[in-house]
Amino acid sequence: MDKNQLIELIQNSESKLETLKSIDYDGLKGKITELESVFNEFKEGGEKLLSEDNILQIGIVGQVKAGKSSFLNSLFFNGESVLPKASTPMTAGLTIIEYAEKNTFEVEYFNEKDWNVFVNQDEDYKKREQEVRLQNPGAPESIIKKEIENRTSEKIRSAHEMVSMCSSKAKQKIGQKNDAKEFYDIDDLQNVLEQYVGANGEYTSVVKSLYIKMNDERLDGLRIVDTPGVNDPVVSRENRTRTFLHSCHGVFLLSASTDFLGSGDVSFLNSRIGGSGIGAVVLLASKFDSVLQDIGAELEMKHEARGDLYDTAEMQTKKFKRRLRELSDTIDEKLRGRIKLDTTAGIGYSIAHKSAEKWDNIERQVVQQMKRYYPNYFSTDADVKEVFEGLANIGDIKDKYLEGVFMENKDTIISEKVKEFFVKNRQEISNTIDHILNEFKNRQEQLNETTIAEIQKQKEMQGKLFDSLKKTFANIFNKFSSDIQNEVNKRIANNVRFNEIRTIPTEPTTEAITCKGWLYGHNTKEMNIEHVNTYELCSQIESAVEQYVKSWNDEWQKLFDNARKEMSEKLNTAISDFEKQVMSTSFKDTYYRDLIDKALDELRYNKELEIGDIISKYQRLGDDIANNQFYPSGTDELKEVQVASYLARRLCEHNKNLIDSFRNLSDSIKEDVKKEINKNLQTAFDVIEKMKTSFADNLKKEGEEYLAGLEKDMAEKTVVLKKIENIISCISELSTLYQK
């Protein structure tokens, strides 16, 4: 689709929407709003794509604290902390960086509606805090804080932080127009930005988004969009992010190395990246230094030999690749095989490009820890610079991805994006239009087939119906609760098994072994010994963890699907029994069956267990167990003929310890899954209890509103039918526009 075709489509669509707006019919207004919502998103995204077809837009996405700001600072600001790090999801703003002849930045503030949401969430936090303090008089502040965390969501805690840090001066900016300022260089920009988006900035709590325009030739033809975290709690900002992603041509997805490709990242990859038609994806295992420090700390704690830095880095990179391969079947098919994978450590670039006296406290600590765990690689200042430059990997990322993947293929990427955008969005709009069209066709049919007398009779019978069925509905819901509990405790708990690892995979290796000499002294000889195959063991443990947790989730979903189906059948049977009792052609049961299905949809929210974090947690712990390598030692005082049997015994003991550790892990994961199941059960019980007391009344109310509307339409049947006929005609014409 070119610009002229888009303009023509938009004009025709707007014309049809205006025609619909001119039709005075109560049931139409909400449908027009629904149509305008999907149409405007299509219009804005399409216009942006076609009007800026020479600009390549790259998104920087990932979880909060995945290192996005550090990465961008390294990529465009020489490692200087120009873009401050977000402390919470609430303070993670949307930042757009692009080329301009003048260096300027512009700040957009939250409006009153946004802020009122935060204030209400802050009140929820204070209410929970008060409850905790009343129930735990005299408890240490650490206990109070922990209990408040258990009773509040991250969204509520973040809102509390924002409202608490908002000064009276900052509050005056809420709902105000954007502030725009010029800056001279990076240092000047850094100083100004600290006030608006720094961790302790005066206006940080009220800033919604930030636009930076720089006279930097590297940005010519390029726009960088640094998004908030994957699960942005600010709805209006989240909508803005979605709009930007619709017009993004490619993304750098940062996933923290210590929790690589967790459930949040995979969900975002599929729903947002794949769902926005983005085909060029560079996946970066960020904060790579952190996982290397964790491994070093683990070895030190176990009093084991220092690891080799490059071997450790290579092993971790292989694990990232394996993780991506294992998730291949769950990734959007349009993205499979097109994701480029690499590693980065934004802080490493900053360390490598600053003198030691300019390092901040965190940078000094990172250098100190890496020297401690991998001393052989940091003998001189030059070594420090070289290693951290390599860990940052920014040079390669610029050459291989920013230039090689994105800029060199700019025209192709833009062309594919435009094509994908219009195909996908036209289909979505077409589906929405057809759904609304069918609703009005059904209404037309009902009006043609129903009389006023039948509606009056239906109203009389409806009251009797739901009054008589209240007890029946309550009994059905009680049985539903009981069945769920029994199914979980008996059938599912017995059917889902954790695949125990009873044999540790090993592989032969050649090691230099020191033992007693024939006469005196010691000899060092190359000997073939068995080692744990940590790669294979990691794979087995990760697979066992994933299979166990996913089996629970599959069974849970089946349970709710079957229970919902059974409940629907019983509720509908109750309606049918009533229909047989009244034996009246005036009684129409179809509408109530639809109402029941819609009402039961509330149970769908309980179909997904929040288990992605459990998988990530225990796969990490499993990797730690597997990588607890067997090291041949203690042979100095043995004769050569004794070494083989001694090391075999040691390996056997080591493997037994691994199996014991794995059993402990399996016990722990079962407990964590059980807690998650119980939490979901309680939520389901709360929903069912609420539905038990209100289900019949809600159905009755919905039915009364429906019949009242139908009766009103029947009073002016000829006029209303004409209006609906015009609505159907107009929506049909609108539908045709998006089916070409």
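Structure: see above.
1. Some words on helix H8 (residues 186-197)
For H8, which comprises 12 residues, the first-to-last C-alpha distance of 15 Å matches the rise-based estimate of 16 Å (1.5 Å per residue) to within 8%. Those residues of H8 lying buried are Leu189, Gln190, Val192, Leu193, Tyr196 and Val197. Where H8 is buried, its residues meet strand E3 (104-109), strand E4 (179-182) and strand E5 (207-214). With a side-chain oxygen positioned 2.8 Å from the backbone nitrogen of Asp188, the residue opening H8 is Asp185.

2. Here's the deal with the environment of Glu161
Among the secondary structure elements, Glu161 is positioned in helix H6 (residues 154-165). C-alpha of Glu161 to C-alpha of Asp122: the two residues are 39 residues apart in sequence and 8.2 Å apart in space.

3. Notes on the pattern of salt bridges
Overall, the coordinates contain 19 salt bridges when judged by the stated rule. A salt bridge links Glu314 to Lys318, with the shortest nitrogen-to-oxygen separation between them at 3.9 Å. Pair noted here: Glu314 and Lys318 are both in helix H12 (residues 309-326), with a separation of four residues, about one helical turn. Here Arg322 ties to Glu326 by a salt bridge, and the two come within 3.9 Å at their closest N and O atoms. Of this pair, Arg322 and Glu326 are both found in helix H12, four residues apart, which corresponds to roughly one turn of the helix. Linked by salt bridges that have partners in common, Glu18, Lys21 and Glu36 make up one network.

4. Considerations on the packing of helix H2 (residues 29-51) against helix H17 (residues 410-449)
Working note: a packed helix pair is described by the angle between its axes plus the distance between those axes. Remark: H2 packs on H17, axes separated minimally by 10 Å, with the N-to-C direction vectors making an angle of 170°. As judged from the angle between their axes, H2 and H17 are roughly antiparallel. Residues Lys31, Glu34, Leu35, Val38, Phe39, Phe42, Gly45, Gly46, Leu49 and Leu50 of H2 form the contact with H17, whose own contacting residues are Lys417, Val418, Phe421, Phe422, Asn425, Arg426, Ile429, Thr432, Ile433, Ile436, Glu439 and Phe440. Looking at side-chain class alone, the contact of H2 with H17 contains 13 nonpolar, four polar and five charged residues.

5. A few points about the pairing of strand E7 (residues 250-256)
In terms of burial, E7 is a largely internal element, seven of the seven residues being buried. Across the two faces of E7 the burial is the same, with Gly250, Phe252, Leu254 and Ala256 and Val251, Leu253 and Ser255 all buried. Examined bridge by bridge, E7 and strand E8 (residues 280-286) share seven bridges and lie parallel to one another. Looking at the pairing, Gly250 lines up with Ala280 of E8.

6. Considerations on the sheet that holds E4
As summarised here, the arrangement of the nine strands in space is E4-E3-E5-E2-E6-E1-E7-E8-E9, forming an open sheet in which the pairing is mixed. In this open sheet, the two strands that pair with only one neighbour each are E4 and strand E9 (339-343). Across the sheet, the mean angle from the axis of one strand to that of its neighbour is 15°, orientation sign disregarded. Pairing between E8 and E9: five bridges, direction parallel. What sits directly across from Ala285, in E9, is Thr343.

7. Structural notes on a negative patch on the surface
A surface patch of like charges, here negative, comprises Asp396, Asp399, Glu403 and Glu408. Along the polypeptide, Glu408 turns up in the loop between helix H16 (394-407) and H17.

8. Things to note about the packing of helix H11 (residues 288-301) against H12
Running from N to C, H11 and H12 cross one another at 115°; their axes reach a closest spacing of 11 Å. In this structure, H11 crosses over H12, and the sense of that crossing is right-handed. Each of Phe288, Val291, Leu292 and Ile295 in H11 lies in contact with H12, whose residues at this interface are Leu309, Thr312, Ala313, Met315, Gln316, Thr317 and Phe320. The residue makeup of the contact of H11 with H12, split by class, is eight nonpolar, three polar and no charged.

9. Observations regarding the side chain of Thr343
Here Thr343 lies in strand E9. For Thr343, a relative accessible area of 11% gives the class buried. With near-sequence residues (within four places) excluded, Thr343 lies in contact with Leu284, Ala285, Phe288, Thr317, Phe320, Ala392, Asn393 and Ile397.

10. Quick word on the packing of aromatic side chains
On inspection of all chains with the given rule, the structure shows nine aromatic pairs. Centre to centre, the rings of Trp115 and Phe118 are 5.5 Å apart; their planes meet at 85°, and the pair counts as edge-to-face. Linking Trp115 with Phe118, this pair stays in helix H4 (residues 112-135), spanning three residues, or about one helical turn. For the residue pair Trp115 and Phe118, the accessibility class agrees, reading buried in each case. The interplanar angle of 85° and the centroid separation of 5.0 Å between the aromatic rings of Tyr310 and Tyr377 together place this pair among those described as edge-to-face. Here Tyr310 is found in helix H12, whereas its partner Tyr377 is found in the loop between helix H14 (361-373) and helix H15 (381-392), with 67 residues between them in sequence.

11. Describing the nonpolar core
Core analysis: the largest hydrophobic core is formed by 86 residues, its most contacted members being Leu20, Phe105, Ile212, Phe252 and Phe406. With 11 residues, H17 is the largest single contributor of residues to this core. If sequence neighbours within four positions are ignored, Phe406 has contacts with Leu56, Ile58, Gly250, Val251, Phe252, Ala280, Val282, Tyr401 and Ile413. Membership of the second largest hydrophobic core comes to 52 residues, among which are Tyr618, Phe630, Leu651 and Val673.

Analysis parameters
- Residues numbered from 1 in each chain as written.
- Predicted model: local features only at pLDDT ≥ 70, side-chain atom pairs only at ≥ 80, totals over all residues.
- Heavy atoms only, no water.
- Helix = DSSP H or I, 4+ residues; strand = E, 2+ residues; numbered from the N terminus.
- Expected span 1.5 Å × (residues − 1).
- Buried < 20%, exposed > 50% of the residue type's maximum accessible area, 1.4 Å probe, protein only.
- Contact = heavy atoms within 4.5 Å.
- Polar contact = N/O pair within 3.5 Å; in protein donor to acceptor, adjacent residues only side chain to side chain.
- Salt bridge = Lys/Arg side-chain N within 4 Å of Asp/Glu carboxyl O.
- Axes fitted to C-alpha atoms, helices over the stretch in contact; angles between N-to-C directions.
- Parallel < 35°, antiparallel > 145°, perpendicular 65-115°, else oblique.
- Nonpolar A, V, L, I, M, F, W, Y, C, P; charged D, E, K, R; others polar.
- Pairing = 2+ DSSP bridges.
- Patch = residues over 30% accessible without salt bridge, like charges linked within 9 Å, V, L, I, M, F, W, Y side chains within 5 Å.
- Areas by Shrake-Rupley, 256 points an atom, 1.4 Å probe, with all protein chains shown as cover.
- Lys, Arg positive; Asp, Glu negative; His and termini not counted.
- Charge placed at Lys NZ, Arg CZ, Asp CG, Glu CD.
- Left-handed = near helix turned anticlockwise from the far one by under 90°.
- Phe/Tyr/Trp six-rings, centres within 6.5 Å; stacked < 30°, edge-to-face > 60°.
- Core = buried A, V, L, I, M, F, W, Y, C linked by side-chain atoms within 4.5 Å.

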